[in-house]
Amino acid sequence: SSPYDGKFPLLSERLRDRGYATAAFVGNLTYLGRRWGLDDGFMRYEDYQVDPTVLWTTSNLGTRVLKLVNSPSRHRVLTNGTSARLIRERFGAWQRSIGDRPFFAFINLFDAHAPYGAPAPYDTMFIGRRPRFYDIDNWQQRDSTEFEELRTGYEQAIAWLDSQVGAIIADLRDRGVLDRTLIIVTSDHGEEF
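Here's a quick rundown of the structure. (Residues numbered from 1 in each chain as written. Predicted model: local features only at pLDDT ≥ 70, side-chain atom pairs only at ≥ 80, totals over all residues. Heavy atoms only, no water.)

1. A short note on the packing of helix H4 (residues 84-97) against helix H5 (residues 144-174)
At a minimum axis distance of 10 Å, the contact between H4 and H5 shows a crossing angle of 10°. Relative to H5, the element H4 is oriented roughly parallel. Crossing of H4 over H5 shows right-handed handedness. Touching Ala 84, Arg 85, Arg 88, Phe 91 and Gln 95 of H4 are Trp 160, Leu 161, Gln 164, Ala 167, Ile 168, Asp 171 and Leu 172, all from H5. (Axes fitted to C-alpha atoms, helices over the stretch in contact; angles between N-to-C directions. Helix = DSSP H or I, 4+ residues; strand = E, 2+ residues; numbered from the N terminus. Parallel < 35°, antiparallel > 145°, perpendicular 65-115°, else oblique. Left-handed = near helix turned anticlockwise from the far one by under 90°. Contact = heavy atoms within 4.5 Å.)

Here is the structure:
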């Protein structure tokens with residue numbers, strides 16, 4: 001893959017040039033960091049957070065250690081990403097700081113990627129306990145029970161993200177901004193379950 005070459009204007013550039021406050025809050029640090037050139041047009045682009053957990057989990061050493069530490073018996077630590085809760089909080093603080101100015105925000109949530117590890121109470125949703133299998137990254141063949149538990153972990157993560165999107169919408173409603181805000185929700189891919 002190559003960084004964005006700037007050949008075509010981005011929506012963020014067009015809206016910024018029309019007076020909108022523009023910001024991006026990125027959870028996927030692998031493919032949406034500044035090095036890919038997608039920060040063009042954003043007055044604020046938050047990819048790597050100044051947060052010890054995020055910095056540790058994006059290093060090669062940290063990622064290897066976490067693969068050993070992450071297990072079904074505890075909440076998994078997200079690697080190469082920023083948590084939806086932190087992104088939601090940072091977006092909310094930014095949106096409050098711009099007052100009544102029109103805004104364009106790109107909010108990228110990453111928590112539905114393996115290893116799955118939704119926080120409580122989502123970590124036991126659907127089957128009443130945490131799944132025993134949570135990481136598809138090793139690509140090993142799974143029997144039907146393991147496959148269903150992987151899918152459950154993914155569905156728990158989706159439910160968690162749904163709650164965070166709901167919280168963003170509720171925050172906008174509480175601040176009186178929702179009635180003049182267009183929200184587009186999309187996904188880059190699913191896990192092919």
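After presenting the structure, the write-up continues.
2. A few points about the nonpolar core
Counting residues in each nonpolar core, the largest one holds 13 residues, and the members touching the most others are Ala 112, Tyr 116, Tyr 122, Ile 136, Trp 160 and Leu 161. Counting residues per element, this core draws most heavily on H5, at six residues. With near-sequence residues (within four places) excluded, Ile 136 lies in contact with Ala 114, Tyr 116, Leu 150, Glu 191 and Phe 193. Grouped together as the second largest cluster of nonpolar side chains are eleven residues, Ile 87, Ile 98, Ile 168 and Val 177 included. (Core = buried A, V, L, I, M, F, W, Y, C linked by side-chain atoms within 4.5 Å. Buried < 20%, exposed > 50% of the residue type's maximum accessible area, 1.4 Å probe, protein only.)

3. Describing unusual backbone geometry
Residue Pro 115 follows Ala 114 across a cis peptide bond; omega there is 0°. Here Pro 115 lies in the loop between strand E3 (103-108) and H5. Of note, the bond from Ala 120 into Pro 121 is cis; its omega dihedral lies within 30 degrees of zero at 0°. Tracing the sequence through the fold places Pro 121 in the loop between E3 and H5.

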